[in-house]
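Listed here are the chains, written in short residue letters.
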Number of protein chains: 2
Amino acid sequence: MSQQTFTVQGMTCGHCERAVQTAIKTLDPQAEVRIDRAQNLVEVNTAQPREAVAAAIREEGYQVAA
Amino acid sequence: MSQQTFTVQGMTCGHCERAVQTAIKTLDPQAEVRIDRAQNLVEVNTAQPREAVAAAIREEGYQVAA
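Predicted model, so just to flag it, every value in this text is computed and none were measured.

Undergrad: I'm lost on the state of the cysteines in this one. Help?
TA: Going through the model one piece at a time under the given rule, you end up with zero disulfides over all chains. Between Cys-16 of chain A, a cysteine without a disulfide, and Cys-13 of chain B, which holds the nearest cysteine sulfur, the sulfur-to-sulfur distance is 3.5 Å.

Next up, the structure:
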């Protein structure tokens, strides 16, 4: 497991938070996910590679800073 | 059936649109719903009373102008 922090643009509401959370949990059901929408922050504790997590977020339609 | 137009605040994304649409369709599966999110407009063609439609939208957490 490693702690990863992403800056994610476009999460405008609680539905967006849940969409991002569900996408990450689908990738890794053991992942711990914390989202601070006001700060555009998504913190993930997971064994998955960072790029896989970023791709899962992007597939939901949100922008992930490089 | 009657055409009803609501001004709805707080629909920030596509998930919100779908939440409003689903709430109205749950109230009346025959309803026709058109949402213009940029204009905060929800147009509904339904046999349900206007107050029931407004209540369904409010229950999703959105503000409906009086």
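Undergrad: What is the right way to read the nonpolar core from this model?
TA: Across soluble globular proteins, nonpolar side chains have a tendency to be buried as a group. Counting 36 residues, the largest nonpolar core has Val-42 and Ile-57 of chain A together with Val-42 and Ile-57 of chain B as its most contacted members. Among all residues touching Ile-57 of chain A, those that are not within four sequence positions of it are Phe-6, Val-8, Val-20, Ile-24, Val-42, Tyr-62 and Val-64 of chain A.

Undergrad: Help me understand the pattern of salt bridges in this model?
TA: Side-chain pairs of opposite charge can arise whenever the charged atoms involved come near each other. Residue and element names in this part refer to chain B. In the structure shown here, the tally under the stated rule is six salt bridges over all chains. One salt bridge in this structure joins Arg-37 and Glu-17, with 2.9 Å as the shortest N-O distance. You can see Arg-37 sitting in the loop between strand 2 (32-36) and strand 3 (41-46) and its partner Glu-17 sitting in helix 1 (residues 14-27), a full 20 residues away along the chain. By relative accessible area, which is 30% here, Arg-37 ends up partly exposed. In this structure, the salt-bridge partner of Glu-43 is Arg-34, at a minimum N-O distance of 3.2 Å.

Undergrad: For this particular structure, what's the right way to read the interface of chain A and chain B?
TA: Buried accessible area, meaning the area lost when the parts come together, often serves as the stated size of an interface. Listed as interface residues are six residues of chain A and, on the opposing side, six residues of chain B. When the two sides are added together, the surface that chain A and chain B hide from each other amounts to roughly 410 Å², 65% of it contributed by carbon and sulfur. Among the residues of chain A in contact with chain B, Thr-12, Cys-13 and His-15 of chain A are the three that bury the most area, contributing 78% of the side total. The interface formed by chain A and chain B holds zero salt bridges in total. Scanning the region where chain A abuts chain B turns up one residue pair in polar contact (both at pLDDT 80 or more). Across the side of chain A that touches chain B, the residue classes break down as four nonpolar, two polar and no charged.

Conventions adopted
- Residues numbered from 1 in each chain as written.
- Chains lettered and ligands numbered in written order.
- Predicted model: local features only at pLDDT ≥ 70, side-chain atom pairs only at ≥ 80, totals over all residues.
- Heavy atoms only, no water.
- Disulfide = S-S within 2.5 Å.
- Core = buried A, V, L, I, M, F, W, Y, C linked by side-chain atoms within 4.5 Å.
- Buried < 20%, exposed > 50% of the residue type's maximum accessible area, 1.4 Å probe, protein only.
- Contact = heavy atoms within 4.5 Å.
- Salt bridge = Lys/Arg side-chain N within 4 Å of Asp/Glu carboxyl O.
- Helix = DSSP H or I, 4+ residues; strand = E, 2+ residues; numbered from the N terminus.
- Buried area = accessible area lost by both parts, 1.4 Å probe.
- Polar contact = N/O pair within 3.5 Å; in protein donor to acceptor, adjacent residues only side chain to side chain.
- Nonpolar A, V, L, I, M, F, W, Y, C, P; charged D, E, K, R; others polar.

This is a description of form; function is not addressed.
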